Amino acid sequence: MTARVGRAAMKLARRYPRAVRGRRQDGLGRGRTLGPGLVQALDSLPHGLCVFDAADRLLFMSDGFRRLFGSAANRIRPGLHAREVDAASAAGPLPSDRDPNGLWAACRRLRARGTTDAVVQTLPDGRQIARTLHPQAGGGWTALWEDVTERRRTESLLRYMAHHDPLTGLPNRYLFAARLDRALARRDGVPCALLSIDLDGFKPVNDRHGHAMGDALLRQLAERLREGLGAADIAARLGGDEFTILLGDAAPAPALGFALHLQARLAAPYDLGAGSPIRVGAAIGVACAPLHATRAQALAERADAAMYTAKRLGHPCLWDEALILGPTDTGRGAPA
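Reading guide: rules and limits
- Residues numbered from 1 in each chain as written.
- Predicted model: local features only at pLDDT ≥ 70, side-chain atom pairs only at ≥ 80, totals over all residues.
- Heavy atoms only, no water.
- Helix = DSSP H or I, 4+ residues; strand = E, 2+ residues; numbered from the N terminus.
- Buried < 20%, exposed > 50% of the residue type's maximum accessible area, 1.4 Å probe, protein only.
- Areas by Shrake-Rupley, 256 points an atom, 1.4 Å probe, with all protein chains shown as cover.
- Core = buried A, V, L, I, M, F, W, Y, C linked by side-chain atoms within 4.5 Å.
- Contact = heavy atoms within 4.5 Å.
- Pairing = 2+ DSSP bridges.
- Salt bridge = Lys/Arg side-chain N within 4 Å of Asp/Glu carboxyl O.
- Disulfide = S-S within 2.5 Å.
- Axes fitted to C-alpha atoms, helices over the stretch in contact; angles between N-to-C directions.

**Student:** Quick question: what am I supposed to make of the overall build of the chain here?
**Tutor:** Counting its regular elements, the chain contains 13 helices and 10 strands. Looking at the chain as a whole, 46% of its 336 residues qualify as buried. Of the roughly 16600 Å² of accessible surface on the chain, 54% is carried by carbon and sulfur atoms.

**Student:** Can you help me understand the nonpolar core in this one?
**Tutor:** Within soluble globular proteins, side chains that are nonpolar tend to cluster in buried spots. Counting 32 residues, the largest nonpolar core has Leu195, Ile197, Leu225, Ile245 and Leu262 as the members making the most contacts within it. Elements supplying a minimum of two residues to this core: β6 (192-200), α10 (202-209), α11 (211-226), β8 (242-247), α12 (252-267) and β9 (281-289). In terms of residues, this core owes the most to one element, α11, which gives 7 residues. What isoleucine 245 contacts, discounting residues up to four positions off in sequence, is Phe176, Ala193, Leu194, Leu195, Ile197, Leu225, Leu229, Ile234, Ala235, Phe258 and Leu262. Among the nonpolar cores identified, the runner-up in size contains 19 residues, and Leu58, Phe65, Ala82 and Leu123 belong to it.

**Student:** How should unusual backbone geometry be read in this particular structure?
**Tutor:** Among all residues except glycine, the phi angle is most often negative; among peptide bonds, the trans geometry is most common. Cis geometry marks the peptide bond from alanine 289 to proline 290; its omega dihedral reads 5 degrees. Structurally, proline 290 is set in the loop between β9 and α13 (296-313). Although it is not a glycine, aspartate 56 adopts a positive phi angle of roughly 65 degrees. Tracing the chain through its elements places aspartate 56 in the loop between β1 (48-52) and β2 (58-61). Judged by its relative accessible area of 4%, aspartate 56 falls in the buried class.

**Student:** I tried to follow the pairing of β6 on my own but got confused; where do I start?
**Tutor:** In regular strands, side chains alternate between the two faces of the sheet. Of all the 9 residues making up β6, 8 are buried; the element is thus mostly covered by neighbouring parts of the structure. Summarising the sheet, β6 and β9 pair through 9 bridges and their orientation is antiparallel. By the bridge assignment, aspartate 198 is partnered in β9 with alanine 283. Both β6 and β8 contribute to a ladder of 6 bridges, which runs antiparallel. Considered in β8, the bridge of aspartate 198 is made with glutamate 242.

**Student:** Is there a simple way to explain the pattern of salt bridges in this structure?
**Tutor:** Where charged atoms from two side chains of opposite charge come close, those side chains can pair. Taken as a whole and judged by the stated rule, the model has 12 salt bridges. Here glutamate 150 ties to arginine 153 by a salt bridge, and the two come within 2.3 Å at their closest N and O atoms. Taken together, the positions of glutamate 150 and arginine 153, both in helix α8 (residues 149-163) and 3 residues apart, correspond to about one turn of that helix. Residue classification places glutamate 150 among the exposed residues on the basis of a relative accessible area of 52%. Of the residues examined, arginine 153 reaches a relative accessible area of 47% and is grouped as partly exposed.

**Student:** Got a minute to help me understand the state of the cysteines in this structure?
**Tutor:** In protein chemistry, a disulfide is the covalent bond that joins the sulfur atoms of two cysteines. With the rule as written, the count across this model stands at 0 disulfides. Not part of a disulfide, cysteine 192 finds its nearest cysteine sulfur in cysteine 288, a span of 7.8 Å. The exposure class assigned to cysteine 192 is buried, which follows from its relative accessible area of 3%.

**Student:** It is not clear to me how the pairing of β8 should be interpreted in this structure. Could you clarify?
**Tutor:** The element β8 is largely enclosed, with a buried count of 5 among its 6 residues. Two elements, strand β7 (residues 234-239) and β8, share 5 bridges in a ladder whose sense is antiparallel. Each residue of the ladder has a partner; that of glycine 239, found in β8, is glutamate 242. Adjacent in sequence and paired antiparallel, β7 and β8 are bridged by 2 residues, among which glycine 240 carries a positive phi angle near 55 degrees.

**Student:** Honestly, the sheet that holds β9 in this entry has me stumped. Any pointers?
**Tutor:** In a beta sheet, neighbouring strands pair by backbone hydrogen bonds and run either parallel or antiparallel. Spatially, the 5 strands line up as an open sheet ordered β7-β8-β6-β9-β10, and their pairing is mixed. The open sheet has two free edges, formed respectively by β7 and β10 (317-318), since each of these has just one partner strand. Here α11 sits on the sheet in contact with β6, β7 and β8, set at roughly 15 degrees to β8. Against the sheet, α13 touches β6, β9 and β10, its axis set at about 145 degrees to β9.

Here it is in structure tokens:
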């Protein structure tokens, strides 16, 4: 719809250049110059519309602009420079030689390319306004303002849902894989550790108390996984009762110590309203980069191997070359 409005604005400027330029400076003589029908049509648009001449002076401002910016738009009059319009639309006492929202810079880029351009500004009340610029013959241009707050909120929600587990809110395997690849691609020599976590005793909870109780357990467990994580760390749910943690700056000894504390935290009783506290265990395997592997798949294989050993031993286990991997291993004991 924005594109259609932009085309309508360009037609307006081409068909009524004298009428628009002949506007009274007091506000407006709008119906007298453009005709009441055209003005009413432009003012009924949900967008804010402004037309500028080749000297970047305001020729026309629609009522949609006033609805978007409220009292801030009262400072805007035909003849103002685009920088002044931009400062006023920022809804603050900014000097006219400032370019707080990038409109003036976007105008210069527009002229250089001869194509449309868009800038998004955030108003003090949190609304997000997208401005699309359209060039016109003779050097003039139009600007369309559109409230895209709900659209961007929806887009943000969809991005979140694509990268997070809907039950626990933890990152899913896709987001975790991207973070792991980024950590392994670092060239500053900072080690990282991968923890492979598998719950013990979760299936009986589902069988005895039902899936709703099992879901509640997983949500509480996810909160415990988040505890103690730093800015460079991330916990994720891979599926079912499988979880993983990336410690973004951890050598083998601190990583194993973290795993020991984590196992004790996860084993503490869960109060789920079942009458008596519920307990589950966790087997945790640890593998470190670059000591044990330098590729994501190899590091995950070693963490999984350590986790299966941890199930037998009853405590977290650090990868060692004596551990047996599955058939996909091609470089046992050496960084892969």
